[in-house]
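# Summary of structural features
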Amino acid sequence: MDLRVKKTHDNLQKALIILLNQKSLENISVAELCRIAEINRGTFYLHYKNVHGVFERYFNEIVKDLKLSYDFPYDITKDNLAMLTPEMIQIFHHVKKYEAFYRIVFDEKTPMLYYHKLLETIRSFVMESHTEETGHMSKQQLEYLASYTANSIIGLLLQWHKENYILLPETLNQYIYDFHRLREVLQKKIKS
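Just so you know, these numbers come straight off a predicted model, no measurement behind them. (Residues numbered from 1 in each chain as written. Predicted model: local features only at pLDDT ≥ 70, side-chain atom pairs only at ≥ 80, totals over all residues. Heavy atoms only, no water.)

### Notes on helix α4 (residues 51-77)
For an α-helix, 3.6 residues make a turn, and residues three or four places apart therefore share a direction. Here α4 spans 40 Å end to end across 27 residues, near enough to the 39 Å set by a 1.5 Å rise per residue. Where α4 bends most, the angle comes to about 40 degrees, and this point is D71, followed within four residues by the proline P73. The N-terminus of α4 is capped by N50, whose side-chain oxygen sits 3.1 Å from the backbone nitrogen of H52. Positive backbone phi, at 55 degrees, marks K78, one or two positions downstream of α4. (Helix = DSSP H or I, 4+ residues; strand = E, 2+ residues; numbered from the N terminus. Expected span 1.5 Å × (residues − 1). Bend = angle between axes of the 7 residues up to and from the residue. Polar contact = N/O pair within 3.5 Å; in protein donor to acceptor, adjacent residues only side chain to side chain.)

In structure tokens, the structure reads:
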């Protein structure tokens, strides 16, 4: 990608974050977005039809990185999570990288649309990444599993948000690792 085009996209994304901290996406005009991004409207319209296009592009960029972060432990362990280590968990590093965006998504004043879009995105990751171990499940069971898992992830992120992202990603990685190990221990006790 041309560096000038990348700079334009980056400036628009930064301006969008600034404005989303002040108002909803629907109330942001192209003019004010361009003013803060320090680009002219002609340049804007070369790349986007409207403000929603900027949000969609940014959201898709974040989702692409989120997917890589979500898949990383499965890719490294070849789906054998018994080999999981805390360092393999990347989702909290992803959230820290895009903290400004997540602060907006999880803010109580923000429309639930962004939250639901994120939840559905994570659900889709779960649905496509656990096909081998869930092959025996009905479609309905898989839907509930996806909702359960996605809401667990969102719940952790909401708690981190509530605590103003004070904990380090490495600490949260250790928590997830410990929760995973606890689940394994409980499953062994249930089987015996």
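The structure having been displayed, the exposition proceeds.
### Points about the nonpolar core
Judged by nonpolar contacts, the single largest core of 55 residues is most densely connected at L16, L33, F44, F101, Y102 and F106. Counting residues per element, the ones that place at least two in this core are α1 (3-20), α2 (30-37), α4, α5 (91-97), α6 (99-106), α7 (112-129), α8 (139-162) and α9 (169-191). If you tally residues by element for this core, the top one is α4, at 10 residues. Excluding anything up to four places from it in sequence, F101 contacts I17, F55, Y58, F59 and I62. (Core = buried A, V, L, I, M, F, W, Y, C linked by side-chain atoms within 4.5 Å. Buried < 20%, exposed > 50% of the residue type's maximum accessible area, 1.4 Å probe, protein only. Contact = heavy atoms within 4.5 Å.)

### Side note on the side chain of E32
Along the polypeptide, E32 turns up in helix α2. Other than its neighbours up to four places away in sequence, E32 contacts L19, K23 and N27.

### Structural notes on the pattern of salt bridges
The final tally for this structure, using the stated rule, is 12 salt bridges. Note that D71 and K67 form a salt bridge whose closest N and O atoms lie 2.8 Å from each other. Within this pair, D71 and its partner K67 are both found in helix α4, separated by four residues, close to a single helical turn. Both residues of the pair, D71 and K67, belong to the buried class. Among the salt bridges present, the one from R123 reaches E120, with a minimum N-O distance of 3.4 Å. With a gap of three residues between them, R123 and E120 both fall in helix α7, about one helical turn apart. In this structure, a network of salt bridges that share partners links the residues E120, R123, K139 and E143. (Salt bridge = Lys/Arg side-chain N within 4 Å of Asp/Glu carboxyl O.)

### Regarding the packing of α1 against α2
At their nearest, the axes of α1 and α2 sit 8 Å apart, and the two run at 115 degrees to each other. Judged by the twist between their axes, the crossing of α1 over α2 is right-handed. Contact residues: α1 offers N11, L12, A15, L16, I18 and L19, while α2 offers E32, L33, I36 and A37. (Axes fitted to C-alpha atoms, helices over the stretch in contact; angles between N-to-C directions. Left-handed = near helix turned anticlockwise from the far one by under 90°.)

### What to know about the layout of surface pockets
Taken as a whole, the second largest pocket spans an internal volume of roughly 160 Å³. As for the second largest pocket, its lining consists of L20, N21, Q22, K23, S24, R103, I104, D107, K109, T110, P111 and Y114. Of the residues assigned to the lining of the second largest pocket, the class counts are four nonpolar, four polar and four charged. (1 Å grid on protein atoms, 1.4 Å probe; cavity = no way out; pocket = protein on both sides within 12 Å on 5 of 7 lines; lining within 4 Å. Points joined across faces, edges and corners; volume = space filled by probe spheres on them. Nonpolar A, V, L, I, M, F, W, Y, C, P; charged D, E, K, R; others polar.)

### Some words on the environment of H94
Note on placement: H94 falls in helix α5. A relative accessible area of 1% means that H94 is categorised as buried. As a C-alpha pair, H94 and Y45 span 49 residues in sequence and 30 Å in three-dimensional space. Leaving out residues up to four positions away in the same chain, H94 has contacts with I62, D65, L66, S69 and Y102. A distance of 2.6 Å separates a polar atom in the side chain of H94 from a polar atom in the side chain of D65. Within the structure, the side chain of H94 is placed 2.6 Å from the side chain of Y102, a separation counted as a polar contact.

Nothing here speaks to function; it is geometry throughout.
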